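# A look at the structure
The primary structure of each chain is shown beneath.
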Amino acid sequence: MKVKVSSFAGTDAADIELNDEVFGLDPRADILHRVVTWQLEKRRATARGTRERADVARSGKKLGRQKGGGVARHGDRRAPVFIGGGKAHGARVRDFNPGLNKKIRALGLKMALSSHAKAGSLIVLDAFEVQKTKELKGHFATLTTGKRTLVIDGEAGESFRAGRNLPGVDLLPAVGANVYDIIKADTLVLTRAAVEKLEARFNG
């Protein structure tokens, strides 16, 4: 698949040949859904559990006789009403650490990249070198990007600082490319270095 390479200078560079095994797949909603669900679940931290009556180490001896004492009929000091007793209906340990096959994860990333290539919302830049935020904003206006733009470069260089304050613009190095951020973006901007690293990632 041949794609025109743009540049911030306004001149068109030579076309680039994209690998069809990475950018030419037919996206499947079920694969993308599985990968996005897995990715969002991995973000969740493990919930901390609390100690209930069965987990508290206190005497199990009955405090007093059942009737005639003029006090409540407690069985032992593990009851939640006592200081140091177990918590009633406490939080349980929940571990959000699902697994997903590496082949499915790789296939999902390929399909996410292919979805932008097929929709025509993929822009390939010759290089991403800019120093000022105002300058970068003007460049995005000439590229006619969408409301949400994701820029993926080979490395997280000094130019990433210029895009930190731009609303609707996210910047990632090639090693951080993921399905959720790619699908969420209206326009995907890749540099030559990012294309080379992504293709090498799947071919290596």
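Anything mentioned here points back to the structure above.
Below, the structure is looked at part by part. Note that residues are indexed from 1 along each chain, following the sequence as it is written. Only residues with pLDDT of at least 70 are given local features in this predicted model, and only at 80 or more are side-chain atom pairs given and counted; all residues enter the totals for whole chains, interfaces and linings. Heavy atoms from the whole structure form the basis of all side-chain values; hydrogens and water molecules are not counted.

## Some remarks on the overall build of the chain
When helices and strands are tallied, the chain shows 6 helices and 6 strands. Ordering the α and β elements of the chain from the N terminus gives β-β-α-α-α-β-α-β-β-α-β-α. Here the C-alpha radius of gyration of the chain, 28 Å, is well above what a compact globule of 204 residues would show, namely 17 Å. Expressed along its principal axes, the backbone C-alpha trace of the chain runs to roughly 95 × 40 × 25 Å. Remark: exposure states derive from per-residue accessible area (1.4 Å probe, protein chains only) relative to the maximum for the residue type, with buried under 20%, exposed over 50%, and partly exposed in between. Classification of the 204 residues of the chain by burial places 38% in the buried group. In this description, contact between two residues means that some pair of their heavy atoms is separated by no more than 4.5 Å. Long-range pairs, those at least 24 residues apart, make up 70% of the contacts in the chain with a sequence separation of at least 6. Only the protein chains shown count as cover for residues, and the accessible areas themselves come from Shrake-Rupley with a 1.4 Å probe. On the chain, roughly 12600 Å² of surface is accessible, and the fraction owed to carbon and sulfur atoms is 49%. Across the chain, 37 positive and 23 negative side-chain charges occur, with their mean positions spaced 19 Å apart. Here a strand is any run of E in DSSP of at least two residues, a helix any run of H or I of at least four, and the numbering for each starts at the N terminus. Values of the radius of gyration come from C-alpha atoms, whereas the globule rule sets the reference at 2.2 Å times the count of residues to the power 0.38. Here the positive residues are Lys and Arg and the negative ones are Asp and Glu; neither His nor the chain ends is included. A charged residue contributes its charge at one atom only: NZ of Lys, CZ of Arg, CG of Asp or CD of Glu.

## Observations regarding empty space enclosed by the protein
Using protein atoms alone on a 1 Å grid, points that fit a 1.4 Å probe yet trap it form a cavity, whereas open point sets bounded by protein on both sides within 12 Å along at least five of seven lines form a pocket; residues with an atom within 4 Å of a point count as lining. Grid points are joined across faces, edges and corners, and a volume is the space filled by probe spheres set on the points. According to the stated counting rule, one finds 1 cavity of 30 Å³ or more in the structure shown. If you add up the space inside the largest cavity, you get close to 30 Å³. Taken together, the elements giving at least two residues each to the lining of the largest cavity come down to β4 (149-153) and α5 (179-184). Class assignment of the residues belonging to the lining of the largest cavity gives a composition of 2 nonpolar, 1 polar and 4 charged. Note that Gly is not counted as nonpolar here; it falls among the polar residues with everything else outside the nonpolar set of Ala, Val, Leu, Ile, Met, Phe, Trp, Tyr, Cys and Pro and the charged set of Asp, Glu, Lys and Arg.

## A closer look at the side chain of Glu-199
The residue Glu-199 is located in helix α6 (residues 192-203) in this model. Setting aside anything within four residues of it in sequence, one finds Glu-199 in contact with Glu-17, Leu-18, Asn-19, Val-22 and Phe-23.

## So, the packing of helix α3 (residues 102-119) against α6
At a minimum axis separation of 11 Å, α3 and α6 run at an interaxial angle of 150 degrees. The angle between the axes of α3 and α6 places the two elements in the roughly antiparallel class. In the packing of α3 onto α6, the handedness of the crossing is left-handed. Only Leu-198, Arg-201 and Phe-202 of α6 make contact with α3, whose side of the interface consists of Ala-106, Leu-109, Lys-110 and Leu-113. Across the contact of α3 with α6, the residue classes tally to 5 nonpolar, no polar and 2 charged. Here, axes are lines fitted to C-alpha atoms. For helices the fit covers the stretch in contact, and angles between N-to-C directions go from 0 to 180 degrees. We call two directions roughly parallel when the angle between them is under 35 degrees, roughly antiparallel when it is over 145, roughly perpendicular when it lies between 65 and 115, and oblique otherwise. In this scheme the crossing of two helices becomes right-handed for a clockwise turn of the near helix relative to the far one and left-handed for an anticlockwise turn of less than a right angle.

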